[in-house]
Amino acid sequence: MRDLLPRWIYLPAAVGAVFVALPVLAMFSSVSWRTLPELITSEASVSALLLSLRTSATATLLCLLVGIPMAMVLARSRSRLVTALRPVVLLPLVLPPVVAGIALLYTFGRRGLLGSTFEAFGVQIAFSTTAVVLAQTFVALPFLVLSLEGALRTSGVSYEAVAASLGASPTLTLRRVTLPTVAPAIAAGAVLAFARALGEFGATITFAGSLQGITRTMPLEIYLQRETDPDAAIALSIVLVLVAVAVIGIAARRVRT
Amino acid sequence: MRRALAAASLVAVLSGCSPQPSPDTTVFAASSLKPAFEQLAALLEQEDGTAEVAFNFAGSADLVAQIQQGARADVLATADESTMTAAGLPATTIFATNTMTIVVPADNPGDVQTLSDLADPDLLVVVCAPQVPCGAATVRVEDASGVDIATDSEEGSVADVLGKVRSGQADAGVVYTSDVATAGSDVRGIDIPQAVNTVNRYPIAVLGDDPLARRFVDLVLSEQGRAVMRDAGFGLP
């Protein structure tokens, strides 16, 4: 197939690609490979990685539970209210994570809007793994919603209309027509949400705190290690990059086939 | 939408290219020094209309790392001697000392009275991580007193500890005495007995040969400077 792109466009595209790739390469080039195994298998590192994987998976699950319905309402509802609310729902996308953390603090914090209610039921969110998951879900949710909403809009409603005309109930239509159609978009959105949750730092450190095995995820561990042991910080960064690349790589293959 | 994007990118380009007015001298200082140093800089600028002091307040380890990565600093003041040693600076002067104190929200919801109360696992207690100077000092207090603080979070800086106590998220925290002195009425301090307390010594050094940097350090070390440091809750060497 003939290349339809103008040739000059490859230049800015290459500049952009180098801009993104170079810092990662620079990091790889400054790793002390000899001490790497020792640095990444320390108790603190392993505990941070496991916590990160666990919380990010839980956050992704929560994102799927509420994000799929949110995307459907946003894509299909004609209500003015929904249109008006759309920017609010997508707010975490543009909010600085630290601000997200402060907002969560004033909502789920012990003296926050809902915090005292939770405390009354004996649920303690402050400085718990739950707080980490809440922070991650908050920042990751729009990624899932946005990618799924786009897919739903693109796919249109013609198949659903046919199913309805044949007598299928809305729930049956959803289950047998809509969801299978947008399954790849759901998977892609879930991967984006997982990757975002994995990298979450600002909201977590502001809202959840930092304690090994409880709230100290990989980004927080990296930030702390940097204080005293830059080599360990780089080693852990490499692990996080590899995990993220692996997740995205696997998902990209799944979505394509 | 397209116009908004164009406008946004224009703003980004303009702000990136506009020449920054270069300050006369740049002071890198530990976060805990912010209130006192800003006051001293105002004094200096008042005295000499052309003088301009710019600050970079951050954790001591961060400051040293930034300088090692090539950041331009004329004065460095850190919260402990080990970070200063790490910066490889020979001519340093100790200009202030700081002890540790317990900080609680003004209404003291956890009813904290003494250091040993912090061992209660039901209380939410936040401290600095051992990797940063305020955390290392907290560990020394734990060692000296034999109190094993039941920590719920190890923060990266005093500001983070203070923030979590101020918001009521935590029942108590351990910070520098000077931090409580300038923290306002949302929090209050509970003294840690001198016998088990630890003293952090703050070194200051001039990097390079900027005359204004020298004058700033002289002011810090002067009687006037010592009075400002004392009012900000620091001890004096």
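Cut-offs applied
Sequence positions are assigned chain by chain, starting from 1 and proceeding in written order. Each chain gets a letter, beginning with A, and each ligand a number, beginning with 1, in the order they are written. Restriction of local features to residues with pLDDT of at least 70 applies here, the model being predicted, together with a cutoff of 80 or more for giving and counting side-chain atom pairs; totals for whole chains, interfaces and linings are based on all residues. To obtain the side-chain values, all non-hydrogen atoms of the structure were used and water was disregarded. Secondary structure elements are defined from DSSP: runs of H or I of at least 4 residues count as helices, runs of E of at least 2 residues count as strands, and each element is numbered from the N terminus. Two residues form a contact once any of their heavy atoms are found within 4.5 Å. Reported accessibility uses the Shrake-Rupley method at a 1.4 Å probe radius. Residues are deemed covered only where the shown protein chains occlude them. Charge counting follows a simple rule: Lys and Arg are positive, Asp and Glu are negative, and His as well as the terminal groups are ignored. Lys charges are placed at NZ, Arg charges at CZ, Asp charges at CG and Glu charges at CD. Residue exposure (1.4 Å probe, protein chains only): buried if accessible area is under 20% of the type maximum, exposed if over 50%, otherwise partly exposed. Criterion used throughout: strands pair if DSSP finds at least two bridges between them. Think of the arc as the fan of directions from the helix axis to the C-beta atoms. Each patch is assembled from residues with relative accessible area greater than 30% and no salt bridge, linking like charges that lie within 9 Å and nonpolar side chains (Val, Leu, Ile, Met, Phe, Trp, Tyr) that lie within 5 Å. Whenever Lys or Arg places a side-chain nitrogen within 4 Å of a carboxyl oxygen from Asp or Glu, that contact is recorded as a salt bridge. Where each domain starts and ends comes from a domain assignment, either automatic or drawn from a database. Between N or O atoms, a polar contact is any pair within 3.5 Å; within protein, one atom must be a potential hydrogen donor and the other a potential acceptor, and residues adjacent in sequence are included only when both atoms are from side chains. Residues are grouped as follows: Ala, Val, Leu, Ile, Met, Phe, Trp, Tyr, Cys and Pro are nonpolar; Asp, Glu, Lys and Arg are charged; all remaining types, including Gly, are polar.

Moving on, we come to the overall build of chain A. Counting its regular elements, chain A contains 12 helices and zero strands. In chain A, the succession of α and β elements from N to C terminus is α-α-α-α-α-α-α-α-α-α-α-α. Taking the principal axes of the C-alpha coordinates as reference, chain A spans close to 65 × 65 × 30 Å. Taking the intrachain contacts of chain A between residues at least 6 apart in sequence as the baseline, contacts between residues at least 24 apart amount to 75%. Approximately 14400 Å² of chain A is accessible, and the part contributed by carbon and sulfur atoms is 71%. Side chains of chain A give 19 positive and 11 negative charges; the mean places of these two sets differ by 15 Å.

Now for the pairing of strand S10 (residues 200-206) of chain B. All names here are of chain B. Across the seven residues that make up S10, a large majority, five, are buried. Bridge count for strand S3 (residues 75-77) against S10 is three bridges, and the pairing is antiparallel. Residue pairing for S10: Val75 is matched across the bridge by Val206. Inspection of the sheet shows strand S4 (residues 93-98) paired to S10 by five bridges, in the antiparallel sense. Paired with Thr97 across the bridge in S10 is Arg201.

Residue and element names in this part refer to chain B. At Asn108, a residue that is not glycine, the phi angle is positive and equals roughly 40°. Along the chain, the position of Asn108 falls in the loop between strand S5 (100-105) and strand S6 (125-128). Residue Asp111 is not a glycine yet carries a positive backbone phi of 50°. Mapped onto the elements, Asp111 comes out in the loop between S5 and S6.

Here the focus is helix H8 (residues 211-221) of chain B. Among all positions of H8(B), only B:Leu212, B:Ala213, B:Phe216, B:Val217, B:Leu219 and B:Val220 are buried. Take H8(B) and look down its axis: the buried residues cluster within an arc of 155°, on one side only.

Let us now look at a nonpolar patch on the surface. A cluster of nonpolar side chains, namely A:Leu5, A:Trp8, A:Ile9 and A:Tyr10, defines an oily patch on the protein surface of about 440 Å² accessible area. Topologically, A:Tyr10 is positioned in helix H1 (residues 10-29).

A few words on the domain arrangement of chain B. Residues and elements named next belong to chain B. For chain B, the assigned domains are domain 1 (22-97 + 201-231) and domain 2 (100-191). For domain 1 versus domain 2, the separation of C-alpha centres amounts to 26 Å. At the boundary of domain 1 with domain 2, the tally comes to zero salt bridges. Across the domain 1-domain 2 interface, the total number found is zero residue pairs in polar contact (both at pLDDT 80 or more). In terms of residue class, the side of domain 1 that touches domain 2 is built from three nonpolar, three polar and one charged.

A few words on the side chain of A:Ser128. Note that A:Ser128 resides in the loop between helix H6 (115-120) and helix H7 (129-155). If near-sequence neighbours (up to four positions away) are discounted, A:Ser128 is found in contact with A:Ile214 and A:Thr215.

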